[in-house]
Amino acid sequence: MAVQKQKIGAILGMIGSTIFLITGLFTISMGRRSYMPSYPILVYYITGSATLTLSVCGMAGSVLVFRDSSLAGYIILLSAAAIGIFGTFFPIYAYDLGWGYIQYFYLCSTALYSDLVLMLVGGILGFALGEKRERQEY
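From a predicted model like this one, the values you see are computed outputs, not experimental measurements.

1. Let's talk about the packing of helix α2 (residues 42-66) against helix α3 (residues 70-87)
Two packed helices can be described by the angle between their axes and the distance between those axes. Their axes nearest at 7 Å, the elements α2 and α3 cross at an angle of 160°. Taken as axis vectors, α2 and α3 run roughly antiparallel relative to one another. The interaxial crossing formed by α2 with α3 has left-handed handedness. Across from L54, C57, G58, G61, S62, L64 and V65 in α2, the residues of α3 making contact are S70, G73, Y74, I76, L77, A80, I83 and G84. Considering only residue class, the contact of α2 with α3 consists of 9 nonpolar, 6 polar and no charged.

This is the structure:
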């Protein structure tokens, strides 16, 4: 069975969302491992839960595309990728480590932006390779 060209974007979105999910789970697990009493441990849980939420939204969008609801699925996938890209540049906490070093915590974790790029490219390809419909004249 050949892969339909409309589903290529959903496949890329699912791969990117899976990588994003693994990154979120890794962030939550690092919260317990690297506990420092100088800054709150809740920062890791906020970052990890935001990452998990956006990855689940991306997966839900890809599943909707596979279930033949392509317009809504690609909109959800693109919005999750756009919010994820915004969240990687939005700082939520800064801690002065001393000696001129400041550690910043951002809203979303990422795997060198490869996950978010796959989600974004998948959503754009989904709209670009979608079915071409004729406009109905009344």
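Back to the write-up after that little detour.
2. Some words on the nonpolar core
With 12 residues, the main nonpolar core is built from A10, F20, A50, L54, V65, Y74, L77, A80, A81, C108, L116 and M119. Only α1 (8-33), α2, α3 and α4 (114-128) provide two or more residues apiece to this core. The element best represented in this core is α3, accounting for 4 residues. Apart from residues lying up to four places away in sequence, L54 is in contact with F20, A80, I83, G84, C108 and M119.

3. Examining the packing of α1 against α2
Where α1 contacts α2, the two axes come as close as 8 Å, and the packing angle between them is 160°. With respect to α2, the axis of α1 lies roughly antiparallel. The two elements α1 and α2 cross, and the hand of that crossing is left-handed. The class makeup of the residues in the contact of α1 with α2 is 15 nonpolar, 13 polar and 1 charged.

4. Description of the packing of aromatic side chains
All chains considered together, the criterion is met by 6 aromatic pairs. Note on Y74 and F127: the rings are 5.9 Å apart at their centroids and 50° apart in plane angle, and the pair reads as tilted. Placement of Y74 in helix α3 and of F127 in helix α4 is noted, with a sequence separation of 53 residues between them. Aromatic pair Y93 and F105: ring centres 6.1 Å apart, planes at 40°, arrangement tilted. Of the two residues, Y93 sits in strand β1 (residues 91-98) while F105 sits in strand β2 (residues 101-106), which places them 12 residues apart along the sequence. Overall, the relative accessible area of 8% leaves F105 in the buried class. Taken together, the ring pairs connect Y44, Y93 and F105 into an aromatic cluster.

5. Side note on the pairing of β2
Bridging between β1 and β2 involves 6 bridges; their strand directions are antiparallel. Each bridged residue has a counterpart across the sheet, and for P91 the counterpart in β2 is Y106. Turn length for the β1-β2 hairpin, with the two strands adjacent in sequence and antiparallel, is 2 residues, and the turn residue W99 shows positive phi of about 55°.

6. Considering a nonpolar patch on the surface
Side chains of L42, I46, F86, F90 and I92 sit close together on the surface and give an oily, nonpolar patch of about 460 Å² of accessible area. Looking at where F86 falls in the secondary structure, it is placed in helix α3.

Definitions and limits used
Residues numbered from 1 in each chain as written. Predicted model: local features only at pLDDT ≥ 70, side-chain atom pairs only at ≥ 80, totals over all residues. Heavy atoms only, no water. Axes fitted to C-alpha atoms, helices over the stretch in contact; angles between N-to-C directions. Helix = DSSP H or I, 4+ residues; strand = E, 2+ residues; numbered from the N terminus. Parallel < 35°, antiparallel > 145°, perpendicular 65-115°, else oblique. Left-handed = near helix turned anticlockwise from the far one by under 90°. Contact = heavy atoms within 4.5 Å. Nonpolar A, V, L, I, M, F, W, Y, C, P; charged D, E, K, R; others polar. Core = buried A, V, L, I, M, F, W, Y, C linked by side-chain atoms within 4.5 Å. Buried < 20%, exposed > 50% of the residue type's maximum accessible area, 1.4 Å probe, protein only. Phe/Tyr/Trp six-rings, centres within 6.5 Å; stacked < 30°, edge-to-face > 60°. Pairing = 2+ DSSP bridges. Patch = residues over 30% accessible without salt bridge, like charges linked within 9 Å, V, L, I, M, F, W, Y side chains within 5 Å. Areas by Shrake-Rupley, 256 points an atom, 1.4 Å probe, with all protein chains shown as cover. Salt bridge = Lys/Arg side-chain N within 4 Å of Asp/Glu carboxyl O.

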